[in-house]
Amino acid sequence: MKPPAAAPSGATGWTAAGLLACGLLAAAGCSSSSSGFIGQTVSPTEPAAGLVGASAIVTEVVDGDTVIAEVADRTERVRLIGIDTPEATGGFLPVECFGDEATAFTKSLLPPGTEVRLTRDAEARDRYDRLLAYIHRADDGLFVNLEIAANGYAEALIINPNTIHAGAFYAAAAAAREQGLGLWDACGSADVVLE
């Protein structure tokens with residue numbers, strides 16, 4: 001069962017464009033530092049030379065919001081912070097509408113061998129011992145977590161205390177929903193279980 005996503009206070013009645021602008025502006029000054037991962041400002045892309053954090057190589061995409069990566073000579077299961085994609089075929093939970101498409105989209109962004117930078121928020125790991133991270137591709141700086149939400153493959157999922165980029169994720173998911181992108185067009189809403 002997925003934990004409920006907290007809604008931003010005062011967001012009722014805002015347009016998606018307003019949420020996007022507010023979220024990006026709110027996140028622009030946020031940073032954090034801890035255990036070798038350094039938070040950075042939200043941007044759809046960052047100059048590759050400006051990326052900071054732990055270098056890693058993606059070896060496999062498990063589903064739309066989880067990848068396997070080689071980090072410091074260790075194999076890690078990495079959960080993308082701030083988003084929740086529908087459950088895909090082959091997992092332990094019931095398959096949800098657009099789950100396989102979300103997995104395919106993440107695979108297109110992070111094919112095996114992709115070099116990435118992992119940055120963390122307040123918590124390093126979740127209760128399943130997965131590494132929690134924001135992922136930027138090393139070659140072009142693409143902020144993968146945000147790209148998935150902005151294209152309608154995920155809803156925002158903010159779990160305290162990992163909230164550095166919360167505004168940007170809420171805004172991106174709201175804009176995708178308003179534009180009828182991805183799961184919002186195909187399924188009508190998130191978490192639609194297929195029978």
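Residues numbered from 1 in each chain as written. Predicted model: local features only at pLDDT ≥ 70, side-chain atom pairs only at ≥ 80, totals over all residues. Heavy atoms only, no water.

K.L.:
Hey, could you run me through the pairing of strand β4 (residues 66-71) in this one?
P.N.:
Two faces belong to every sheet, and in a regular strand the side chains alternate between them. Extensive coverage of β4 is indicated by the burial of five of its six residues. Where strand β3 (residues 54-63) meets β4, six bridges bridge the pair, whose relative direction is antiparallel. The residue of β4 that forms the bridge with aspartate 63 is threonine 66. Where β3 folds back on β4, the antiparallel hairpin that results is connected by two residues. The pairing of β4 with strand β5 (residues 74-80) spans six bridges and is antiparallel. When the sheet's bridge partners are listed, alanine 69 is paired in β5 with glutamate 76. (Buried < 20%, exposed > 50% of the residue type's maximum accessible area, 1.4 Å probe, protein only. Helix = DSSP H or I, 4+ residues; strand = E, 2+ residues; numbered from the N terminus. Pairing = 2+ DSSP bridges.)

K.L.:
What should I look at first to understand the state of the cysteines in this one?
P.N.:
By definition, a disulfide links two cysteine residues through a covalent bond between their sulfur atoms. For the coordinates displayed, the defined rule picks out one disulfide. Here cysteine 97 connects covalently by a disulfide to cysteine 187, the sulfurs 2.0 Å from one another. Taking the sign of the S-S torsion, about -85 degrees here, the bridge from cysteine 97 to cysteine 187 comes out left-handed. Here cysteine 97 is found in the loop between β6 (82-84) and α2 (99-109), whereas its partner cysteine 187 is found in the segment after α5 (183-186), with 90 residues between them in sequence. On the basis of relative accessible area, cysteine 97 is assigned to the buried category, the value being 15%. (Disulfide = S-S within 2.5 Å.)

K.L.:
What is the right way to read the pattern of salt bridges from this model?
P.N.:
Pairs may arise between side chains of opposite charge once their charged atoms sit close together. Across all of its chains, the model carries eight salt bridges by this definition. A salt bridge links glutamate 76 to arginine 74; the shortest N-O distance between them is 3.1 Å. Among the residues examined, arginine 74 registers a relative accessible area of 44% and is labelled partly exposed. Residues joined in a network through salt bridges with shared partners are Arg74, Glu76, Arg125 and Asp129. (Salt bridge = Lys/Arg side-chain N within 4 Å of Asp/Glu carboxyl O.)

K.L.:
I would appreciate a short explanation of α2 in the present structure.
P.N.:
For an α-helix, 3.6 residues make a turn, and residues three or four places apart therefore share a direction. If you check which residues of α2 are buried, you get Gly99, Ala102, Thr103, Phe105, Thr106 and Leu109. For α2, the angular spread of the buried residues around the axis is 160 degrees, confining them to a single face. (Arc of directions from axis to C-beta.)

K.L.:
Would you explain the sheet that holds β4 in this entry?
P.N.:
Hydrogen bonds between backbone atoms are what pair the strands of a sheet, whose relative direction is either parallel or antiparallel. Spatially, the five strands close up into a barrel ordered β3-β4-β5-β8-β7, and their pairing is mixed. Between one strand axis and the next, the sheet turns through 55 degrees on average, direction left out of account. Bridge count between β5 and strand β8 (residues 131-137): three bridges; the pairing is parallel. Residue pairing in the sheet places arginine 79 in a bridge with leucine 132 of β8. Lying over the sheet, α2 contacts β3, β4 and β8, oriented at roughly 150 degrees with respect to β3. (Axes fitted to C-alpha atoms, helices over the stretch in contact; angles between N-to-C directions. Contact = heavy atoms within 4.5 Å.)

K.L.:
Which parts of the structure should I look at to understand the packing of aromatic side chains?
P.N.:
The way to describe two aromatic rings as a pair is by their centre distance and the angle between their planes. For the structure shown, the criterion picks out five aromatic pairs. Taking the centre distance of 5.4 Å and the plane angle of 25 degrees together, the rings of phenylalanine 98 and tyrosine 153 count as stacked. With a gap of 55 residues between them, phenylalanine 98 in the loop between β6 and α2 and tyrosine 153 in the loop between α3 (144-150) and β9 (155-157) connect regions that are remote in the sequence. Overall, phenylalanine 98 belongs to the buried group, its relative accessible area being 14%. Among the residues examined, tyrosine 153 registers a relative accessible area of 18% and is labelled buried. On the basis of an interplanar angle of 15 degrees and a centroid distance of 6.2 Å, the ring pair of tyrosine 134 and phenylalanine 169 is categorised as stacked. With tyrosine 134 in strand β8 and phenylalanine 169 in helix α4 (residues 166-179), this pair connects stretches of sequence that are 35 residues apart. A relative accessible area of 1% means that tyrosine 134 is categorised as buried. Of the aromatic side chains, those joined through ring pairs into one cluster are Phe98, Phe105 and Tyr153. When the ring centre of tryptophan 184 is taken as reference, the NZ or CZ atom of arginine 177 above it lies at 4.8 Å. (Phe/Tyr/Trp six-rings, centres within 6.5 Å; stacked < 30°, edge-to-face > 60°. Lys NZ or Arg CZ within 6 Å of the ring centre and 35° of its normal.)

K.L.:
Teacher, can you tell me more about the layout of surface pockets here?
P.N.:
Over the atoms a probe the size of a water molecule is rolled, and this reveals where empty space is left. One number sums up the size of the largest pocket: a volume of about 950 Å³. Considering the residues around the largest pocket, the lining is formed by 32 residues, among which Thr66, Arg79, Asp126, Tyr128 and Arg130 are closest to the centre. Elements represented by at least two residues in the lining of the largest pocket include exactly β3, β5 and β6. Its residues assigned to classes, the lining of the largest pocket shows 14 nonpolar, seven polar and eleven charged. (1 Å grid on protein atoms, 1.4 Å probe; cavity = no way out; pocket = protein on both sides within 12 Å on 5 of 7 lines; lining within 4 Å. Points joined across faces, edges and corners; volume = space filled by probe spheres on them. Nonpolar A, V, L, I, M, F, W, Y, C, P; charged D, E, K, R; others polar.)

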